[in-house]
Every structure is written in C-alpha cells, then in structure tokens.
Amino acid sequence: MKHETARPSVIPSVHGFSPGFAALGLEARLLATLDQLGYEEPTPIQREAIPPLLAGKDVLGQAATGTGKTAAFALPLLQRLAQGAKAQPASLILVPTRELAVQVGDAVKRYGKELRTSVLTLYGGQAMEPQLHALKRGVDVVVATPGRALDHIRRQSLKLSQVRVVVLDEADEMLDMGFADDLDAILEQTPAVKQTALFSATMPARIKSIAQRHLNHPVEITIAKEPVKVGTAPRVQQTAYIVARPYRGAALVRVLDMAGPKSALVFCRTRVEVDDVTALLNGRGYRAEALHGGMSQPQRDRVLQAFRVGQTNLLVATDVAARGLDIPHVSHVINFDLPSSAEIYVHRIGRTGRAGREGAAMTVLDPREERLLRSIERLTNAKVTVAPVPLAADLLAKRLERTRAAVQEAMQTEDLGGFRGVVEAMAASHDPITIAAAAMKLVFRAQGGDRVEEDIPALPVRRPGFNQTMRTMPRPSSRTGDRDRAEPSRLSKRPPGRPDRERPNAGMVRVYVGTGHQAGIRPGDLVGAITNEAKVHSKVLGDIEILDRFSLIEVPEAMAPTIIDRLGRARIKGHRVPVRLFREERDIR
Ligand code: AMP
C-alpha cells in the first residue's frame, strides 16, 4: 500500500494533518481537504475500509448512513483514479434515490476538490440535454440512480468499458426499490477486471448473492456487531428528534430553549460544525464556546476554565477535543448529529448522569440516520425515545411557566419591602390582578419570552417494525424478474385499473398523480420526484401504487398540500402531470 508523506507546500499550516487519516495511506491533497472540512479522525468504517480499497481490493461493507461510509469509499476511489490514466468515466457509483445521488455526488466533489476530479450526477427527472452534454465532454466519476444510468447506457451516451472502480451504495435499498435487474444489466457493461465495493445497511441473502456474482474475494467489513460495554449504566434519559437536514440548527435551538440547561455539552462531528453551531447559539443569546482539535492547549484551558466557573453555559465540542478532558458534570448532553458509532455515543452521554445524578441526552438527527440510531440502541441496550421537536406553542408555554416560577420564587425569597408599598398604592385605584399580570408580562419580556418562534416542519415518527412498502400493479406483460419479486404480493383481485385498497392508512391520505405504467413510471420516479421537489424524506411516504394511467402515493395528511403543490409544478420523467388529492369515484372512472 502506498503511504505518502505530507508535502509541506500543500499543507495548510494552521491545524496540521490528522495522523489518523494519514496512517490509512491517504495522500497529502486528500488529507488537506479533510483538514479543511474539519474532520478530526476517521470513523470506524473509514478505518476498516480505506486501506483495502486503496490496495485495490473489493469490499463488502455493512454500514448505515451516518457512519461516514461515503468518505470510506470516496477517498480511496479518488486517490486511485488520480494515480492512473484518465478514463471517461473511470468510476461509477450507483445509489437508490435522486436525493442520495445529489448527496453522494456533492460529497465526492467536495472530497475530490484538490485532485480536481470531475463528478457528474445523473438521476431521473433531470433534463436529458445537459446530462448528454456533460457525458460528451467527459467526467471522471458518474454518480447515478440505476434507472437513469441504464437510460444512458441504452442511448450509448454512458460507456462503461473504461470503468476501474464501481460502488454500489445502499444496495439493500436499491433492491427494495426493485432495481435488481437494472444492476445486473449495468454491471454487465463494465470490464471484468475492476474494483467493486458494495455497501449496505443490512446483509440479507439477496445482497450476498449480488456480492457473490459481482465481487472478487471481497474484504468483508461489519462495523459494530459487538455490544458496547456501558459499565454502570448512567441514569440518562435519552431522546432523539428526527428532522430534515436544513432544520437541524433550528431544532437544536428549540431543544435547548425547552430544556433551559444551566450547563450543557453540545457535540458535533467536525471542527467546521463546531464553529457554526457556536456562532448560531451565541446569536440566540447563549454564552457558548467552541472546543476543537484545531485550538491550542492554552486556548482549550481557557475555554474549560470559563465553563467550570459558569462564565459560559454551553460548550460546543468535537469528540476528539472532549476526549480525556476533565469536563465537569453537565445536566444535558446534546448531539448535533448522531455520532458515527455506538462507542462514541456512549462516551458522549457518559458526560451526564454521573455519580448517580440524573442526566438527559438529546440527539438531533437526519431521517436517513434512523437506522444508525436503532443500531446504537441495540448495541448499548438503551432506549432512545423518538419525540417530535417541540412546537413554538410548547416553548411559549414553557417560558410562561418559567416566568411564573421566577415570580413565585421571588415571593418566597426576596425582600419585597419597597415594592409592596408601590403595589398597595396602585391597588387603591386598580385591580390587583391586572397589576400583577402587567408586572409578569414585563418579566416575561425581559426574559426574552415574547420572541417570535416558528414551528419546525415535522416528520412523522415511524412506528417500530413499520416498513414502507412499495407496490405496483402487475402489468399485462409483467416480467417476473427480481423487481416484481421484490414487491409484496398483497394484490387482491380487482377490476383492471382500479386501486386495490379502499382506504389509506391512518393519518395518511392518497395523492393522485396523473401518470403511470403507460408512461414507464416506476416507484423510484415518484419517490425521487417527491423527495427532490417537495423536500420530503422518502421514509414518510406510505404505499405507492402504479396503475396504467395514474399512480397513487400515500402521504402524511399534514404534508399533502405541500407535496401536491410542489409536485404539480415539477416534471415527472420530463412531463408536467396533474397532481391532486385522490377522490376515489372521480379518479377511477
Ligand atoms: P455518511 O455516513 O457518509 O452519510 O456521513 C455522515 C456524515 O458524517 C456526513 O455529514 C459527513 O460529512 C460526516 N463525516 C464523515 N466522515 C467523518 C469524519 N471522519 N469526521 C467527521 N465527520 C465525518
């Protein structure tokens, strides 16, 4: 394995490299990029997967979103491409959804910035022309959903004969979406000699069979199979709030505002996040200080001292910076993102609930990380309650309650001498309750209670064991490939073209989309369009039925207006189609 030493000319001088990443054999330009991104050390999957991938081996990795698996395959891929001759494209990364294609494409671009690697993201619903243009110009890495990749292969605009590295990301989800045949068809187009990596959150037999067919003596990596030793379990109440990525900051502030902690630790993954979150919290009136690996020892000492004496009430830290530090007991630990492993989670929450005292651990996470949360729960034998982010009205009620408690305490502990006279004098001509209410209002306002708050869009909590199902109606010429087998066979006898279920699930409504089998629509097209256009996560969607001329998508009632509005203005497979609430009688005829 090649192990390059850092070249001083490209090293940013401030922080220096993380020995953790350098020890894995990554080259200087990638190390510089990771440093700029504020990554302090590799996550477990990165530690395991990067060396064999750099050595050119195939890898079969079991890892969920949130473990850092994108960098685990992207960094070695970028380094190997940079070392070899340019081919167009030299690498293909397949992902199940548009949303993920965009996310992975952005990540690969970010990691490959210094290497000047060109990355193209291809997914359905995008206009074809720009894609064709970009493919003609040539790119190093293509990130694509299987459907769109196959479209391009058929048009001969995507040629895979020079591909050296193939990645199948979230392979289980691709199979769940019925892409098994497409994957085989795509992989057939790639050279026999190449490197292949397959990542999947679960390893059912179907994944093993794909691995057997397409991977060559893969190194198998499973992260976090062993339960984590928790020691004497701290009495920590653990809560998780699942919010879409853009609302993470707002959710963090809401959770903090509700908890009103005297002192709390907020954990982030990267130095950059630590700085951003610190600025956000200071802007909201907290006294927050950053603690990360990019700081000098005297700086860290000063920050810790300020926290100890109560000059600051929030410490925002990376795991590396907090490790080994004698941080005093805190009542709350807040994870601004789930950590990448169960070990780190346990380490973080161990900062509260010490010495028999009660503590609270709260985690704000992305819907895609719910699987990782469940695995952490399992490995630590802990119960993490998923709760909705408190509403603006909840916060208002909490603030009123705080004002009431402050006034009540003052009644018992303060010397009210002079004030009593003032109230008595006022009471001669005013109602005493009105006087008290006005005084309370002033206290409330002085405490910032009248600050206007907005609700954070909710994602419905998934019921345990609840699995989203995707169904399509059988087509007359239905193939009996994996795509069809992947779909639950709960299809009842019904008149042709009629949906097979009379009622949506509780809390859900059905949205009518005026396109179906005849236009070649597949579940992925609809899921992709919704996640992309309405910025709604695919997990919140219920059953999907595709009929000849229209499709029905079950969505949470509260989200239906937004979804209908956005989807109605979007293009599905290049066309505008009618979208509305499904009204059984009218639509079936
Ligand atoms: P992934 O599991 O690939 O979706 O990554 C989850 C998140 O972790 C992304 O936001 C990455 O930017 C971040 N991340 C990945 N690796 C590291 C690392 N070594 N240190 C800090 N953050 C990381």
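Residues numbered from 1 in each chain as written. Predicted model: local features only at pLDDT ≥ 70, side-chain atom pairs only at ≥ 80, totals over all residues. Heavy atoms only, no water.

K.L.:
Now, about the overall build of the protein: what can you tell me, with residues and values included?
P.N.:
Broken down by element type, the protein carries 23 helices and 18 strands. The proportion of buried residues among the 589 residues of the protein is 52%. Looking at the protein as shown, the accessible area adds up to about 27900 Å², and 53% of this sits on carbon and sulfur atoms. (Helix = DSSP H or I, 4+ residues; strand = E, 2+ residues; numbered from the N terminus. Buried < 20%, exposed > 50% of the residue type's maximum accessible area, 1.4 Å probe, protein only. Areas by Shrake-Rupley, 256 points an atom, 1.4 Å probe, with all protein chains shown as cover.)

K.L.:
Summarise the site of the ligand; cite the residues concerned and give the values.
P.N.:
The immediate surroundings of the ligand are formed by 14 residues, with Y39, G66, G68, T70 and R269 found nearest. The side chain of Y39 places a nitrogen or oxygen atom 2.6 Å from an oxygen atom of the ligand. One of the backbone N or O atoms of E41 is found 2.8 Å from a nitrogen atom in the ligand. In the complex, 87% of the free accessible area of the ligand, which totals 500 Å², lies under the protein chains. Here the residues of the shell around the ligand sort into 3 nonpolar, 8 polar and 3 charged. (Near = heavy atom within 4 Å. Polar contact = N/O pair within 3.5 Å; in protein donor to acceptor, adjacent residues only side chain to side chain. Nonpolar A, V, L, I, M, F, W, Y, C, P; charged D, E, K, R; others polar.)

K.L.:
Kindly report on the packing of aromatic side chains, identifying the contributing residues and their values.
P.N.:
This model, assessed by the stated rule, comprises 3 aromatic pairs. Plain terms: the ring middles of Y39 and Y111 are 6.1 Å apart, the flat faces sit at 70 degrees to each other, and that makes the pair edge-to-face. One end of the pair, Y39, is in the loop between α2 (28-37) and α3 (44-54); the other, Y111, is in helix α5 (residues 98-111), and 72 residues separate them in sequence. With respect to burial, Y39 and Y111 carry one shared label: buried. Between F73 and F199, the aromatic rings sit 5.6 Å apart at their centres with planes inclined by 40 degrees, giving tilted as the arrangement. Highlighted residues: F73 in helix α4 (residues 69-83) and F199 in strand β6 (residues 195-200), separated in sequence by 126 residues. Side by side, F73 and F199 carry an identical accessibility label, which is buried. When the ring centre of F336 is taken as origin, the NZ or CZ atom of R248, which lies over that ring, is 4.3 Å away. (Phe/Tyr/Trp six-rings, centres within 6.5 Å; stacked < 30°, edge-to-face > 60°. Lys NZ or Arg CZ within 6 Å of the ring centre and 35° of its normal.)

K.L.:
Lay out the sheet that holds strand β10 (residues 288-291) with the relevant residues and their values.
P.N.:
Strand order in this open sheet of 7 strands is β10-β11-β9-β12-β13-β8-β14, and the pairing throughout is parallel. Since the sheet does not close on itself, it has two edges, and those belong to β10 and β14 (384-386), each with one partner. When the angles between neighbouring strand axes are averaged without regard to direction, this sheet yields 20 degrees. Contacts between helix α13 (residues 297-308) and the sheet are confined to β9 (264-268), β10 and β11 (314-318), with β10 contributing the most and set at about 145 degrees to the helix. (Pairing = 2+ DSSP bridges. Axes fitted to C-alpha atoms, helices over the stretch in contact; angles between N-to-C directions. Contact = heavy atoms within 4.5 Å.)

K.L.:
Please provide a residue-by-residue account of the pairing of strand β12 (residues 332-336), values included.
P.N.:
Counting buried positions along β12 yields 5 of 5 residues, so the element is predominantly enclosed. In terms of strand pairing, β12 meets strand β13 (residues 359-365) through 5 bridges, oriented parallel. Bridge pairing in β13 links F336 to V364.

K.L.:
Give me the packing of helix α7 (residues 146-155) against helix α9 (residues 180-188): which residues, what numbers.
P.N.:
Two measures define how a pair of helices packs: the angle their axes make with one another and the distance between the axes. Between α7 and α9, the shortest axis-to-axis distance is 10 Å and the interhelical angle comes to 40 degrees. One finds that α7 runs oblique with respect to α9. Note on packing geometry: the crossing formed by α7 with α9 is left-handed. Taken together, the residues of α9 that come into contact with α7 (itself represented by P146, G147, A149, L150 and I153) are D182, L183, A185 and I186. (Parallel < 35°, antiparallel > 145°, perpendicular 65-115°, else oblique. Left-handed = near helix turned anticlockwise from the far one by under 90°.)

K.L.:
I'd like to hear about the confidence of the model for the protein, residue by residue, with values.
P.N.:
Low pLDDT means the predicted atomic positions in that stretch should not be read closely. Summarising the model, the protein shows a mean pLDDT of 84, and 85% of its residues fall at 70 or more. Every residue in residues 1-17 is under pLDDT 50, and counting partners more than four places away or in other chains gives 30 contacts. This model gives residues 460-498 a pLDDT under 50, and the stretch forms 73 contacts once residues within four places in sequence are excluded. (pLDDT = per-residue confidence, 0-100.)

K.L.:
Describe in detail the pattern of salt bridges, supporting the description with residues and values.
P.N.:
For the structure on display, the rule yields 33 salt bridges. Linking R371 and D172 is a salt bridge whose minimum nitrogen-to-oxygen distance equals 3.5 Å. Of the two residues, R371 is situated in helix α16 (residues 370-380) and D172 in helix α8 (residues 171-176); the sequence distance between them amounts to 199 residues. Here R371 falls in the partly exposed class, since its relative accessible area comes to 41%. (Salt bridge = Lys/Arg side-chain N within 4 Å of Asp/Glu carboxyl O.)

K.L.:
Residues and numbers for helix α6 (residues 128-137), please.
P.N.:
If you check which residues of α6 are buried, you get M128, Q131, A134 and L135. The buried residues of α6 occupy an angular sector of 135 degrees when the element is viewed end-on, so they sit on one face. Every exposed residue of α6 that faces more than 90 degrees away from the buried side is listed here: E129, P130, K136 and R137. Among the structural elements, β3 (119-122), β4 (141-144) and α7 are those in contact with the buried residues of α6. G138 sits one or two residues past α6 and shows a positive phi near 100 degrees. (Arc of directions from axis to C-beta.)

K.L.:
Lay out the side chain of R351 with the relevant residues and their values.
P.N.:
Along the polypeptide, R351 turns up in the loop between α15 (342-349) and β13. By relative accessible area, R351 is classed as buried at 6%. Once residues within four sequence positions are removed from consideration, R351 is found in contact with L265, F267, A322, R323, G324, L325, I327, H329, V330 and V333.

K.L.:
Could you give an account of the sheet that holds strand β16 (residues 544-546), naming the residues involved and the relevant values?
P.N.:
Taken in spatial order, the 4 strands make up an open sheet running β16-β17-β15-β18, and their pairing is antiparallel. Pairing within the sheet leaves two strands with one partner each, and these edge strands are β16 and β18 (579-581). The mean angle between the axes of side-by-side strands here comes to 25 degrees, regardless of whether they run parallel or antiparallel. Where β16 meets strand β17 (residues 551-556), 3 bridges bridge the pair, whose relative direction is antiparallel.

K.L.:
Outline the environment of G147, supporting the account with residue identities and numerical values.
P.N.:
Positionally, G147 belongs in helix α7. Considered as a pair, G147 and P96 are 51 residues apart in the sequence and their alpha carbons are 9.2 Å apart.

K.L.:
So what's going on with helix α17 (residues 392-413)? Residues and values would help.
P.N.:
Over its 22 residues, α17 extends 31 Å from the first C-alpha to the last, a length consistent with the 32 Å expected when each residue adds 1.5 Å. Within α17, burial applies to A392, L395, R399 and T403. The arc that holds the buried residues of α17, viewed along the axis, is 85 degrees, so those residues lie on one side. Opposite the buried face of α17, at more than 90 degrees from it, the exposed residues are A393, M411 and Q412. (Expected span 1.5 Å × (residues − 1).)

K.L.:
Outline the pairing of strand β5 (residues 165-168), supporting the account with residue identities and numerical values.
P.N.:
Every second residue of β5 is oriented toward a common face, with V165 and V167 on one face and V166 and L168 on the other, all of them buried. When strand β2 (residues 91-94) meets β5, the two strands line up parallel, connected through 4 bridges. By the bridge assignment, S91 is partnered in β5 with V165. Bridge count for β5 against β6 is 4 bridges, and the pairing is parallel. Note on β6: the bridge partner recorded for V167 is A197.

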